[in-house]
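# Close look at the chain arrangement
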Amino acid sequence: MSENAPSSASKIPDKELIAQSSAWVKPLRNEIARVLVGQADLVDRLLVALLTNGHVLLEGVPGLAKTLAVRTLSASLHAKFQRIQFTPDLLPADVIGTMVYHPRDGTFSPRLGPIFANLVLADEINRAPAKVQSALLEAMQERQVTIGENTYKLPDPFLVLATQNPIDQEGTYTLPEAQLDRFLLKVRVVYPTPAEERRVLDAMATSMPKLDVNPVIDLPDIIASRGVVNSVYMDDKIRDYIVSLIHASRYPDSLAPHLKLLIRCGASPRGTINLALAARAIAFLDGRNYVTPQDVKSLAPDILRHRILLSYEAEAEGVTSDDVVQQLLDKVPVP
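Residues numbered from 1 in each chain as written. Predicted model: local features only at pLDDT ≥ 70, side-chain atom pairs only at ≥ 80, totals over all residues. Heavy atoms only, no water.

Once that is clear, we can look at the overall build of the protein chain. Helix and strand counts for the protein chain stand at 15 helices and 11 strands. The C-alpha atoms of the protein chain give a radius of gyration of 21 Å, which matches the 20 Å a tight globule of 335 residues would have. Considering only C-alpha atoms, the protein chain reaches an extent of 70 × 50 × 45 Å along its principal axes. Across the 335 residues that make up the protein chain, the buried fraction comes to 49%. Summarising the internal contacts of the protein chain: among those between residues at least 6 apart in sequence, 79% fall at separations of at least 24. Both charge centroids of the protein chain, one from 35 positive and one from 39 negative side chains, sit 2 Å from each other. (Helix = DSSP H or I, 4+ residues; strand = E, 2+ residues; numbered from the N terminus. Rg over C-alpha atoms; globule rule 2.2 N^0.38 Å. Buried < 20%, exposed > 50% of the residue type's maximum accessible area, 1.4 Å probe, protein only. Contact = heavy atoms within 4.5 Å. Lys, Arg positive; Asp, Glu negative; His and termini not counted. Charge placed at Lys NZ, Arg CZ, Asp CG, Glu CD.)

This part covers the pattern of salt bridges. Following the criterion strictly, the structure yields 16 salt bridges and no others. Across the pair Asp302 and Arg45 runs a salt bridge, and its minimum N-O distance is 2.9 Å. Linking Asp302 in helix α13 (residues 293-304) with Arg45 in helix α3 (residues 40-52), this pair joins segments that are 257 residues apart in sequence. Like Arg45, Asp302 is buried. (Salt bridge = Lys/Arg side-chain N within 4 Å of Asp/Glu carboxyl O.)

The subject of this paragraph is the pairing of strand β1 (residues 55-59). Each regular strand shows side chains that alternate between the opposite faces of the sheet. The element β1 is largely enclosed, with a buried count of five among its five residues. Of the two faces of β1, the one carrying His55, Leu57 and Glu59 and the one carrying Val56 and Leu58 are both buried. In terms of strand pairing, β1 meets strand β9 (residues 183-188) through five bridges, oriented parallel. Within β9, the residue paired with Glu59 across the bridge is Arg188. (Pairing = 2+ DSSP bridges.)

Time to look at the environment of His102. Here His102 is to be found in strand β3 (residues 97-102). Expressed as a C-alpha distance, the spacing of His102 and Leu329, which sit 227 residues apart in the sequence, is 59 Å. Leave out the neighbours within four places in its chain, and His102 touches Thr107, Phe108 and Ser109. Looking at His102, its side chain comes within polar contact range of the side chain of Ser109, at 2.6 Å. (Polar contact = N/O pair within 3.5 Å; in protein donor to acceptor, adjacent residues only side chain to side chain.)

Spatially, β2-β5-β8-β1-β9 is the arrangement adopted by the five strands of the open sheet, whose pairing is parallel. Every other strand in the sheet has two partners, leaving β2 (81-85) and β9 as the edge strands with one partner each. Recorded for the sheet is a direction-independent mean angle of 15 degrees between the axes of neighbouring strands. Judged from the four bridges that link them, strand β5 (residues 119-123) and strand β8 (residues 159-164) form a sheet pairing that is parallel. Bridging from a neighbouring strand, Ala122 pairs with Ala162 of β8. (Axes fitted to C-alpha atoms, helices over the stretch in contact; angles between N-to-C directions.)

Right, let's get into the packing of helix α9 (residues 219-230) against helix α12 (residues 269-285). Where α9 meets α12, the axes come as close as 9 Å, and the angle between the chain directions of the two elements is 110 degrees. Regarding the angle of α9 to α12, the classification is roughly perpendicular. Note on element contacts: α12 touches α9 through Leu277, Arg280, Ala281 and Phe284, opposite Ser225, Val228, Val229 and Asn230. Tallied by class, residues from the contact of α9 with α12 come to five nonpolar, two polar and one charged. (Parallel < 35°, antiparallel > 145°, perpendicular 65-115°, else oblique. Nonpolar A, V, L, I, M, F, W, Y, C, P; charged D, E, K, R; others polar.)

Before going further, it helps to examine the confidence of the model for the protein chain. Mean pLDDT over the protein chain stands at 84; residues scoring 70 or higher make up 93%. Taken as a whole, residues 1-10 scores under 50 in pLDDT and shows 20 contacts with residues more than four places along the chain or in a different chain. (pLDDT = per-residue confidence, 0-100.)

Moving on, we come to unusual backbone geometry. The step from Asp156 to Pro157 runs through a cis peptide bond, and the omega angle for that step is 0 degrees. Within the fold, Pro157 resides in the loop between β7 (150-153) and β8. Positive phi values are uncommon outside glycine, yet Glu124 reaches one of about 55 degrees. With respect to the secondary-structure elements, Glu124 resides in the loop between β5 and α6 (130-142). What makes Glu124 partly exposed here is its relative accessible area of 25%. Even without being glycine, Arg143 reaches a positive phi, approximately 55 degrees.

Written out as structure tokens, the structure is:
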């Protein structure tokens with residue numbers, strides 16, 4: 001199958017519908033670019049999360065504008081934003097809320113926590129203890145929280161955009177695999193190029209940098225676009241390609257014997273589903289009504305790097321999950 005065109009035109013949604021539904025993408029990108037220099041891939045991954053109702057884990061050293069990117073995105077939307085600084089002494093009630101006792105009439109009433117927002121920035125998420133992670137896990141998976149005996153639905157959309165520092169491990173807790181699997185994407189935020197850093201210097205080297213943006217889209221438009229994303233055409237060969245990639249991560253000896261020594265556990269079925277959803281979303285952002293193999297290949301590292309568990313041999317040899325994903329992409333036949 002060609003990467004430039006789908007094989008069956010009868011199943012493809014109307015191009016005009018895609019164009020109309022994605023008309024907000026360019027203005028939103030432009031508004032974010034007024035504050036955020038470069039980081040185009042990061043912005044696109046955040047938009048993919050919006051369109052698929054998925055959560056994102058941002059990993060990078062301090063100072064790479066992870067928090068600024070999330071804050072700018074929320075300001076560009078008519079959305080409620082909350083930032084939670086995760087610390088070792090954080091309690092579940094600090095995140096989800098608690099029941100407050102009123103001595104005057106002897107009753108309890110809920111005080112909802114900061115997680116009741118459309119976009120929740122969980123800053124340095126790996127600094128919170130297990131009880132907080134457990135409370136957050138229910139919110140991420142079920143999109144609801146339990147306070148006392150009652151369950152409260154979270155707003156729609158609800159996205160957790162978490163950050164973690166890969167270098168400073170003092171006072172941090174390793175995120176459990178079950179929680180990592182709930183993140184749609186794990187995005188590695190990299191250093192800017194020299195040209196981009198010069199633009200950052202020109203714009204930000206002042207005591208009063210201009211960080212204000214204007215809302216350019218309403219949440220109902222985002223939610224409506226999700227339905228269109230779900231209709232983006234995906235050929236059966238690409239579906240099989242996604243399944244083959246995930247299957248190869250579980251049984252790597254079918255591709256190359258040495259890969260079996262590097263992988264302790266492959267990706268879950270959630271990885272299969274999320275890779276297909278994200279591929280449709282990236283095609284929508286590009287204004288296409290069909291998915292290409294390149295869409296899958298470009299997103300595979302972000303979908304799989306936190307779902308493939310490496311063996312002790314791989315860690316001893318300095319092999320990263322990105323290295324393993326790249327070997328899988330090189331060896332699995334592309335349709």
